[in-house]
Amino acid sequence: MAAMAGTTWTSFVKSIASFNGDLASMTAPPFILSKASLVEFSAYWTEHPKLFVAPAKESDPEKRALAVLKWFLSTLKQQYSSRNEKLGSEKKPLNPFLGELFLGHWDDPEAGKTELISEQVSHHPPVTAYSIINEKHGVKLQGYNGQKASFASMTINVKQVGLARLHIDAYDEDYLITLPTLHIEGLVYGTPYVELEKSTIIQSSSGYFAKIEYTGKGWVSGKKNCFNATLQKVGSKDILYTISGQWTDSFTVKKGKTEVDSFSHKNNPTTPLTLKPIEEQDPLESRRAWAKVAVAIDKGDYEEIGMEKSKIENAQRELRKKEKEEGKTWERRYFSSVEKDSATGKLLDLAAKYSVSLGVPAVTLDDPSKTNGIWLFDEKKYEGVKSGTREEELKAAVEKVEAATAH
Ligand code: HCR
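Below you will find a few notes about this structure. If you're wondering where the values come from, they're calculated on a predicted model, not measured in any experiment.

1. Things to note about helix 6 (residues 302-326)
And then number 1: Compared with the 36 Å implied by 1.5 Å per residue over 25 residues, the 36 Å span of helix 6 between its first and last C-alpha is a close match.
And then number 2: Turning to helix 6, its buried residues are Tyr302, Glu304, Ile305, Gly306, Glu308, Lys309, Ile312, Ala315, Gln316, Leu319 and Glu323.
And then number 3: In this structure, the buried side of helix 6 is in contact with strand 1 (33-37), strand 2 (92-94), helix 4 (286-289), helix 5 (291-299) and helix 9 (391-406).
And then number 4: You can read the cap of helix 6 off the contacts: a side-chain oxygen lies 3.1 Å from the backbone nitrogen of Glu303, and it is on Asp301.
And then number 5: Where helix 6 terminates, the next one or two residues include Gly327, which has phi positive at roughly 65°.

See below:
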């Protein structure tokens, strides 16, 4: 750690040339460290709550599928370029510890309350699971994701493993969303930023299929972060809608050659996420748990960063060791791992059936061993937290972490 204190960008880039694919283990100089942990990234799905609930307001399944596609496209800027915009370049997020939480909600005059629960469900490999629910409109998103990385030709390539699934209560409809592959450019110049590549598929249980192709720098426009998307009804080659533009800026929706809708980030500011004040947060909540590390990062004090991070990491190692000795495992607060998820299975079957006729690669579920299982939001666990029946269990878990940290 200390060796990195005086690291220049060039020596950092040289060091990543030999890294082992585990992004979490990559040591970065202080100026590239972010104060936010990866468990916070789940919030990027819903920074436009109005668009998140918009599909539930459409009675026509085709319009619903289009609204889901539009919402998904609107999330990309927050997911993949917001750090760049706010902090001047991409940063290395904190590596969440097992059981780390990020809890909050959005209040929107139109959408009402949307609740976010994000939990680190695996540390090796790192996997974050999330549930985002708007009860008023009956819209629910859940998913889990991890990353596999490699370095080649001055670029960090990141394959995402996992998936997201949206449910609309009123129509008992599901949407399976695959996660795009990305790479980090600009490393040579010390200004890393994300570019998306390949494609994302959104398969609905009602039989609509959206494909988003990330084209990077547009051939004609020369602009970066470009994409083209199409919406089709499975079983037919007809393209119902096309959407194209820049995921960091704006896009237009066309039916045939006629523009029927558009979206621009300039005209759609994000809704801030409401979090409890740090002192009222649970000790396992991300901002509270990492507060001292965040202060050290602000100061640019590498020794202090290292010391504060080590306290958390050592406590976690000690907990895992104890669990092993006692033959126990860490009980996830809101999620459970399953071997099979039938709702996802049905959507995958649909996507596989139609990918051939649509000429796109079959959508497959990543090997669950890469994410330590298939992670689903566990409503029973959630009810137990809300009703207070798990109070003793949660208190004991927090005490264990605190005791290990105090050592
Ligand atoms: C690759 C990345 C960590 C993972 C981030 C993910 C894939 C996490 C899940 C979110 O839903 C989507 C998402 C968005 C981020 O763009 C992506 C991050 C971008 C950079 C970060 C690397 C670990 C940072 C490497 C350090 C650089 C600055 C050299």
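2. Some details on the site of the ligand
And then number 1: Around the ligand, 21 residues are found, and the nearest of them are Gln79, Tyr80, Arg83, Asn145 and Gln160.
And then number 2: One nitrogen or oxygen atom from the side chain of Gln79 is found 2.7 Å from an oxygen atom belonging to the ligand.
And then number 3: The side chain of Arg83 places a nitrogen or oxygen atom 2.7 Å from an oxygen atom of the ligand.
And then number 4: Coverage of the ligand by the protein chains reaches 98% of its 620 Å² of free accessible surface.
And then number 5: In terms of residue count, the dominant contributor to the shell around the ligand is helix 3 (residues 61-87) (three residues).
And then number 6: Looking at the shell around the ligand residue by residue, the class counts come to 13 nonpolar, four polar and four charged.

3. Quick notes on the packing of aromatic side chains
And then number 1: Counting across every chain of the model gives 14 aromatic pairs.
And then number 2: Here the aromatic rings of Phe41 and Tyr44 are separated by 5.2 Å at their centres, their planes lie at 70°, and the arrangement is edge-to-face.
And then number 3: By relative accessible area, Phe41 is classed as buried at 17%.
And then number 4: What makes Tyr44 buried here is its relative accessible area of 12%.
And then number 5: Considering the side-chain rings of Tyr334 and Tyr382, the 6.4 Å spacing of their centres and the 50° angle between planes classify their relative orientation as tilted. Residue Tyr334 is located in the loop between helix 6 and strand 17 (335-338), and its partner Tyr382 is located in helix 8 (residues 379-387); the two are separated by 48 residues in the primary sequence.

Criteria and thresholds
Residues numbered from 1 in each chain as written. Predicted model: local features only at pLDDT ≥ 70, side-chain atom pairs only at ≥ 80, totals over all residues. Heavy atoms only, no water. Helix = DSSP H or I, 4+ residues; strand = E, 2+ residues; numbered from the N terminus. Expected span 1.5 Å × (residues − 1). Buried < 20%, exposed > 50% of the residue type's maximum accessible area, 1.4 Å probe, protein only. Contact = heavy atoms within 4.5 Å. Polar contact = N/O pair within 3.5 Å; in protein donor to acceptor, adjacent residues only side chain to side chain. Near = heavy atom within 4 Å. Areas by Shrake-Rupley, 256 points an atom, 1.4 Å probe, with all protein chains shown as cover. Nonpolar A, V, L, I, M, F, W, Y, C, P; charged D, E, K, R; others polar. Phe/Tyr/Trp six-rings, centres within 6.5 Å; stacked < 30°, edge-to-face > 60°.

Coordinates in, geometry out; function isn't part of it.
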